[in-house]
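Each chain, written out:
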Amino acid sequence: ATPAATTPDKPPAMSGSAVATNPPAGAPSDEQILKILEASNDKEIEESKAAMDKLVDKDVKAFAKMMTEHHADAKKKQEALIEKTKLKPADAADATKLMDATKIEVEKLSKLSGADLDKAYVELMLSDHKTTLDDLDKKIIPAIKNADLKTAVEKDVRPMVEGHLKQIEGHAKRLGVAK
């Protein structure tokens, strides 16, 4: 059965103080968004851990360490949000794609070393963060119905991703990695 919130005849269900928006067609549910955010955090942690020990550029290595810490912290905040909202993460195609991509990227990174690894990791972080920011702005934030989830994504998640992107853009410029 199609959930009431997504039937064409009815407006989206609202909760809390969320502002009425028209999510894009095929937009993920709040529960699916939680799974996508979880998969995105896991992707950044696993990719950074795969590269960290073999990175040679001290600033890129510090960035990778920061990524594991920030995204582990983001996962803890998400767990607290799940407790508060009583939303349960639900399977989402975008989350599955992220998990599959993580395996591929970790394997690629594990085969590299030295400056090649530094550049590949920086390129990957550029791509990951640009894609995530775009997805947040165009697909995720407009689809969120739960006010607490929307606040968390707008006030915590998005600024963190944007900050990481600005940092990695600096490393990319310094290392001559194409944007």
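Computed from a predicted structure; not experimentally measured.

**Student:** So what exactly am I meant to see when it comes to the pattern of salt bridges here?
**Tutor:** Should the charged atoms of two oppositely charged side chains come close, the side chains can pair. This model, assessed by the stated rule, comprises 17 salt bridges. Here Asp148 ties to Lys84 by a salt bridge, and the two come within 3.6 Å at their closest N and O atoms. In this pair, Asp148 sits in helix H5 (residues 147-175) while Lys84 sits in helix H2 (residues 58-85), placing the two residues 64 residues apart along the sequence. Residues joined in a network through salt bridges with shared partners are Asp57, Lys58, Asp59 and Arg174.

**Student:** When you look at the nonpolar core in this model, what are you seeing that I'm missing?
**Tutor:** Side chains that are nonpolar tend, in soluble globular proteins, to be buried together. Ranked by size, the top nonpolar core spans 39 residues in total, and within it Tyr121 and Leu149 carry the most contacts. Among the elements of the structure, helix H1 (30-52), H2, helix H3 (93-110), helix H4 (114-143) and H5 are those that each provide at least two residues to this core. With 11 residues, H4 is the largest single contributor of residues to this core. The residues contacting Leu149, other than those within four sequence positions of it, are Asp30, Ile33, Leu34, Leu37, Leu81, Leu87 and Ile144.

**Student:** Please clarify how unusual backbone geometry should be interpreted in this entry.
**Tutor:** The phi angle of most residues is negative, glycine excepted, and most peptide bonds adopt the trans form. For Lys86, which is not glycine, the phi dihedral falls at a positive 65 degrees. Relative to the helices and strands, Lys86 resides in the loop between H2 and H3. Here Lys86 falls in the exposed class, since its relative accessible area comes to 61%.

**Student:** Explain the environment of Ile33 here, please?
**Tutor:** As for its placement among the helices and strands, Ile33 is situated in helix H1. In sequence terms Ile33 and Ile140 are 107 residues apart; their C-alpha atoms lie 6.8 Å from each other. With sequence-adjacent residues up to four places away left out, Ile33 is seen in contact with Pro28, Ile140, Ala143, Ile144 and Leu149.

**Student:** Looking at this structure, I do not really get the environment of Ser127. What am I missing?
**Tutor:** Within the secondary structure, Ser127 sits in helix H4. For Ser127, a relative accessible area of 40% translates into the label partly exposed. A sequence separation of 38 residues divides Ser127 from Leu165, and the C-alpha atoms of the two residues are 9.1 Å apart.

**Student:** Is there a simple way to think about the packing of H1 against H2 in this case?
**Tutor:** Packed helix pairs are characterised by how far apart their axes lie and by the angle those axes make with each other. The contact between H1 and H2 brings their axes to 9 Å, and the two run at 155 degrees. Relative to H2, the element H1 is oriented roughly antiparallel. Handedness of the crossing formed by H1 with H2: left-handed. Packed against H1, whose contacting residues are Leu34, Leu37, Glu38, Asn41, Asp42, Glu44, Ile45, Ser48, Lys49 and Met52, the element H2 presents Lys61, Ala64, Lys65, Met67, Thr68, His71, Ala72, Ala74, Lys75, Gln78 and Ile82 at the interface. Looking at side-chain class alone, the contact of H1 with H2 contains nine nonpolar, five polar and seven charged residues.

**Student:** Could you clarify how one ought to interpret the packing of aromatic side chains in this entry?
**Tutor:** The geometry of an aromatic ring pair comes down to the distance between the two centres and the angle between the two planes. Applying the stated rule across the entire model yields one aromatic pair. Considering the side-chain rings of Phe63 and Tyr121, the 6.4 Å spacing of their centres and the 65 degrees angle between planes classify their relative orientation as edge-to-face. Of this pair, Phe63 sits in helix H2 while Tyr121 sits in helix H4, placing them 58 residues apart in sequence. Accessibility assignment for this pair places Phe63 and Tyr121 in one class, buried.

**Student:** Just to check I follow, could you spell out the confidence of the model for the chain for this structure?
**Tutor:** Caution applies to low-pLDDT regions: their predicted coordinates should not be interpreted in detail. The pLDDT averaged across the chain works out to 89; a share of 85% of its residues lies at or above 70. pLDDT under 50 marks residues 1-20. Its contacts with residues more than four places away, or in other chains, come to 19 contacts.

**Student:** Sorry if this is basic, but what is going on with H4 here?
**Tutor:** Here H4 contains 30 residues, and its C-alpha end-to-end distance of 41 Å stays within 8% of the 44 Å for a straight helix at 1.5 Å per residue. At Leu136, H4 shows its strongest bend, of approximately 50 degrees.

Definitions and limits used
Residues numbered from 1 in each chain as written. Predicted model: local features only at pLDDT ≥ 70, side-chain atom pairs only at ≥ 80, totals over all residues. Heavy atoms only, no water. Salt bridge = Lys/Arg side-chain N within 4 Å of Asp/Glu carboxyl O. Helix = DSSP H or I, 4+ residues; strand = E, 2+ residues; numbered from the N terminus. Core = buried A, V, L, I, M, F, W, Y, C linked by side-chain atoms within 4.5 Å. Buried < 20%, exposed > 50% of the residue type's maximum accessible area, 1.4 Å probe, protein only. Contact = heavy atoms within 4.5 Å. Axes fitted to C-alpha atoms, helices over the stretch in contact; angles between N-to-C directions. Parallel < 35°, antiparallel > 145°, perpendicular 65-115°, else oblique. Left-handed = near helix turned anticlockwise from the far one by under 90°. Nonpolar A, V, L, I, M, F, W, Y, C, P; charged D, E, K, R; others polar. Phe/Tyr/Trp six-rings, centres within 6.5 Å; stacked < 30°, edge-to-face > 60°. pLDDT = per-residue confidence, 0-100. Expected span 1.5 Å × (residues − 1). Bend = angle between axes of the 7 residues up to and from the residue.

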